Amino acid sequence: QVHLVESGGGLVQAGGSLRLSCAASGLTFRNYGMGWFRQAPGKEREFVATLIRSGLGTNYGESVKGRFTISRDNAKNTVYLQMNSLKSEDTAIYYCAATLRFGLVTVLDEYDYWGQGTQVTVSS
């Protein structure tokens, strides 16, 4: 059974940083592209970042470009999201997801597995 478990969320002041982690089990991690999405109250889930299996290709949502960095450690079956210069509008539940599709996948429906999410709250 596949499990994706996010951690690292919390409360941070605007301008601060957080690093989210997502530990995967029950799948061959290196065969999956990984992504981060987020959902704020009353809004649809939106794309944040993705990277390909090797970790050598990445793509970001416009609102986080230059501030967030996605990375992965295939030896640890873990994907990370480093979030810097946080803003109040970054407040959301952050989800990691895994996809068997090739390339930089930004569409929510093209992901096969999802974690339960971790709350990030940025105070202004």
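For clarity, every value in this text was computed on a predicted model and none was experimentally measured.

## Comments concerning the side chain of Arg-38
Part 1 of the argument: Tracing the backbone shows Arg-38 in strand β4 (residues 33–39).
Part 2 of the argument: A distance of 2.9 Å separates polar atoms of two side chains, one belonging to Arg-38 and the other to Asp-90.
Part 3 of the argument: Apart from residues lying up to four places away in sequence, Arg-38 is in contact with Glu-44, Arg-45, Glu-46, Val-48, Ser-63, Val-64, Phe-68, Glu-89, Asp-90, Ala-92, Ile-93 and Tyr-94.

## Quick look at the side chain of Thr-78
Part 1 of the argument: Relative to the assigned elements, Thr-78 resides in strand β8 (residues 78–83).
Part 2 of the argument: Assessed through its relative accessible area of 9%, Thr-78 is described here as buried.
Part 3 of the argument: At a separation of 2.8 Å, a polar atom in the side chain of Thr-78 contacts the main-chain carbonyl oxygen of Lys-76.
Part 4 of the argument: Beyond its immediate chain neighbours, meaning those up to four positions away, Thr-78 contacts Ser-21, Cys-22, Ala-23, Phe-29, Ser-71, Arg-72 and Asp-73.

## Examining the pairing of strand β1 (residues 3–7)
Part 1 of the argument: Burial along β1 is one-sided: Leu-4 and Glu-6 are buried, and none of His-3, Val-5 and Ser-7, which face the opposite way, are.
Part 2 of the argument: Direction of pairing for β1 relative to strand β3 (residues 18–25): antiparallel, over a ladder of five bridges. Directly across from Val-5, in β3, lies its bridge partner Ala-23.

## Here's the deal with the state of the cysteines
Part 1 of the argument: Enumeration over the complete set of coordinates arrives at one disulfide.
Part 2 of the argument: For Cys-22, the disulfide goes to Cys-96, at an S-S distance of 1.9 Å. In this structure the cystine formed by Cys-22 and Cys-96 twists about its S-S bond by roughly 40°; its chirality is therefore right-handed. Here the residue Cys-22 occupies a position in strand β3, and Cys-96 occupies one in strand β9 (residues 92–99), the gap between them amounting to 74 residues.

## Re the nonpolar core
Part 1 of the argument: By size, the foremost hydrophobic cluster in this structure holds 29 residues, and its most contacted members are Met-34, Trp-36, Val-79, Leu-81, Met-83 and Tyr-94.
Part 2 of the argument: In this structure Met-34 touches Leu-4, Cys-22, Phe-29, Ala-49, Thr-50, Leu-51, Ile-70, Arg-72, Val-79, Ala-97, Ala-98 and Tyr-111, once residues within four positions along its chain are discounted.

Calculation rules
- Residues numbered from 1 in each chain as written.
- Predicted model: local features only at pLDDT ≥ 70, side-chain atom pairs only at ≥ 80, totals over all residues.
- Heavy atoms only, no water.
- Helix = DSSP H or I, 4+ residues; strand = E, 2+ residues; numbered from the N terminus.
- Polar contact = N/O pair within 3.5 Å; in protein donor to acceptor, adjacent residues only side chain to side chain.
- Contact = heavy atoms within 4.5 Å.
- Buried < 20%, exposed > 50% of the residue type's maximum accessible area, 1.4 Å probe, protein only.
- Pairing = 2+ DSSP bridges.
- Disulfide = S-S within 2.5 Å.
- Core = buried A, V, L, I, M, F, W, Y, C linked by side-chain atoms within 4.5 Å.

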